[in-house]
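Each chain is listed here by its residues.
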Amino acid sequence: MSHISPVLWQFLVNWLKHFAIFPPEASTIAPYADALYFALVGMTIVGMLLVGTMVTFFAIRYRKSNHPQAIQMEGSTLLEATWTLIPLGIFLVFFVWGAILYFRIFNPPANSMQVYVVGKQWMWKAEHPGGQHEINALHIPVGIPVQVTLISQDVFHSFSIPAFRVKREAIPGRYTTVYFEATTPGKYHLFCTQYCGTDHSAMIGWIYAMRPDDYRKWAAGNTSGASLAQNGERLFAVMGCNACHAGNSQARGPNLYGLYNSRIRMTDGTTMIANDAYLREKILNPSLHVPAGYVPIMPTYQGQISEEGLIDLVEYIKSLDSNYRLTQMMNKSELNSAQPAPIGGANQGPGAAPLPGATKP
Ligand code: HEC
Ligand SMILES: [Cu+2]
């Protein structure tokens, strides 16, 4: 190989060594995604060899010198049924397999740790509910499911962590979520995989998957002093929301306590779940969906508040819900024990004093 330039050779060796095509499997779903991927590749290779061999074999066997006169064949139902039903069966196997994987990927456990990520030209801004802010970096604990709520402040971006086999669009004006559970501590690439302008290729960050203990230390040392909910509470007062949402009998707007994830009946008779998207939409476009029994007097805050501010407000309104608080506290107590406690069995930890009336969802 001496005729290859040594630089190129070094590059190739390094590239292969670091599995540039196949990043490490560092999340719980990575092996499942890879299994499906390799099965599809394997099946494609088998199909290619089968067809290729047959084409070559028949081309030689029935070449013109052997068979100068072509013979007209009529159809064979058995043959046609065979080559229809066998591939159909194979494709259905992959359909079901893919569907099962899809549900696994798109159904985060209810007690997932929440993180918000705002994409903008050209950076990723991550915000932890505890008030840790990061740019082009995201610290997470291993062994705990993490749900990232994504939004873009300008154009489409795509949040992709190859080592975790996850990718989700960050869309302007809409929350999307992606969830993963890291298995191996380490530093992994975060890419934007949607062309988003001049510096798209520089929109790269790092995921730091840490042992829960290390993560706790990092989180304690990097807090900005105020949690997102506390920032939100401040905004709630500054923007005058509490003038109408004070939660007392004179208030002109609905009480927001316990609102999160509840089912709201609208004036037009439909119902909606008060999820993150609903809360955000309500602040920007209040007259779009009006809860039954209220007059649409809430002003719009469009253009007066950044995506980060909206996240703070949403997180504040979420914190008014005792179920949400409880699940987030369960995560904290999981983090406090050196060994990640099994999901659902973690609410005996010191930080998880039971809330009055709180039930596990
Ligand atoms: C002028 C009074 C007023 C102000 C100020 C106001 N709201 Fe509202 N809000 C209302 C009313 C009335 C409703 C119910 C009717 C509607 O949806 O328009 C409502 C509905 C809501 C809802 C949906 C509640 C539900 O039960 O579905 C949310 C969430 C909300 N407001 C948040 C806010 C936030 C956050 C702010 C500040 C940025 C704010 N509001 C400012 C009056 C107000
Ligand atoms: Cu981008």
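Analysis parameters
Residues numbered from 1 in each chain as written. Chains lettered and ligands numbered in written order. Predicted model: local features only at pLDDT ≥ 70, side-chain atom pairs only at ≥ 80, totals over all residues. Helix = DSSP H or I, 4+ residues; strand = E, 2+ residues; numbered from the N terminus. Buried ≥ 20, exposed ≤ 12 C-beta atoms within 10 Å, placed from the backbone. Near = placed C-beta within 6 Å. Nonpolar A, V, L, I, M, F, W, Y, C, P; charged D, E, K, R; others polar. Core = buried A, V, L, I, M, F, W, Y, C linked by C-beta atoms within 7 Å. Domains from an automatic or database assignment. Contact = placed C-beta atoms within 7 Å. Axes fitted to C-alpha atoms, helices over the stretch in contact; angles between N-to-C directions. Parallel < 35°, antiparallel > 145°, perpendicular 65-115°, else oblique. Left-handed = near helix turned anticlockwise from the far one by under 90°. Pairing = 2+ DSSP bridges. Expected span 1.5 Å × (residues − 1). pLDDT = per-residue confidence, 0-100.

Glancing now at the overall build of the protein chain. On a plain count of helices and strands, the protein chain comes out with 8 helices and 12 strands. Within the protein chain, buried positions represent 25% of all 361 residues.

In this section: the site of ligand 1. Around ligand 1 there are 28 residues in total, and C241, C244, G253, Y294 and M298 lie nearest to it. Mapped by element, the contributors of at least two residues to the shell around ligand 1 are α6 (276–284) and α7 (307–319). Among the elements that make up the shell around ligand 1, the one with the highest residue count is α6 (3 residues). Split by residue class, the shell around ligand 1 holds 22 nonpolar, 4 polar and 2 charged.

Now for the nonpolar core. Counting 46 residues, the largest nonpolar core has V117, L150, F164 and I317 as the members making the most contacts within it. If you tally residues by element for this core, the top one is α7, at 6 residues. Of the residues that make up this core, three or more belong to each of domain 1 (15–60 + 108–224) and domain 2 (228–320). Each residue touching F164, except ones within four places of it in the same chain, is listed here: A26, S27, A30, F180, A182 and Y188.

Right, let's talk about the packing of α6 against α7 for a bit. Two elements in contact, α6 and α7, have axes whose closest approach is 10 Å; the angle formed by their N-to-C orientations is 120°. When the axis of α6 is compared with that of α7, the two are oblique. Judged by the sense of rotation from one axis to the other, the crossing of α6 with α7 is right-handed. Here D276, L279, R280 and I283 of α6 come into contact with α7, specifically with L310, L313, V314 and I317.

So, about the sheet that holds strand β1 (residues 113–120). On the basis of which strands lie adjacent, the open sheet formed by 5 strands has the order β3-β2-β1-β5-β8 and mixed pairing. The outermost strands of the open sheet, each flanked by one partner alone, are β3 (133–135) and β8 (176–180). Adjacent strand axes in the sheet meet at a mean angle of 25° when their direction is disregarded.

The linkage connecting Q121 with the following residue, W122, adopts the cis geometry, with an omega of -5°. Among the structural elements, W122 can be located in the loop between β1 and β2 (123–127).

Taken in spatial order, the 5 strands line up as β4-β10-β9-β6-β7 in an open sheet, and their pairing is mixed. The outermost strands of the open sheet, each flanked by one partner alone, are β4 (137–141) and β7 (166–170). Each neighbouring strand pair of the sheet contributes to a mean axis angle of 20°, computed without reference to strand direction. Inspection of the sheet shows strand β6 (residues 157–161) paired to strand β9 (residues 186–192) by 2 bridges, in the antiparallel sense. In the sheet register, F159 faces β9, and the bridge partner there is C192. Most of the contacts of helix α4 (residues 212–221) go to β4, to which it runs at about 130°, and overall it touches β4 and β10 (204–210).

When the terminal C-alpha atoms of helix α3 (residues 77–106) are compared, their 42 Å separation across 30 residues agrees well with the 44 Å that a helix rising 1.5 Å per residue should span. Sparse coverage of α3 is indicated by the burial of 0 of its 30 residues.

A word on the packing of helix α5 (residues 228–238) against α7. Put simply, α5 and α7 touch, their axes get as near as 7 Å, and they point 100° apart. Viewed along their axes, α5 and α7 adopt a mutual orientation that is roughly perpendicular. Residue-level contacts link L228, A229, N231, G232, E233, L235 and F236 of α5 to G309, I311, D312, L313, E315, Y316 and S319 of α7. In the contact of α5 with α7, the residues fall into 7 nonpolar, 4 polar and 3 charged.

For α5, the complete set of buried residues consists of L228, A229, N231, G232 and E233. Among the structural elements, β2 and α7 are those in contact with the buried residues of α5. Backbone geometry just after α5 places G240 at a positive phi near 80°.

Right, let's get into the pairing of β10. A one-sided burial pattern is seen for β10, the buried positions being G205, I207 and A209 and the unburied ones I204, W206, Y208 and M210. Both β4 and β10 contribute to a ladder of 5 bridges, which runs parallel. Opposite A137, over in β10, you have W206 as the bridge partner.

Below, the discussion takes up the environment of W124. Topologically, W124 is positioned in strand β2. With 35 residues separating them in the primary sequence, W124 and F159 have C-alpha atoms 8.7 Å apart.

Looking at the protein chain, pLDDT values average 83 and 87% of them are 70 or higher. Predicted confidence is poor over residues 338–361, with pLDDT under 50, and the contacts of this stretch with residues over four places away or in other chains come to 39 contacts.

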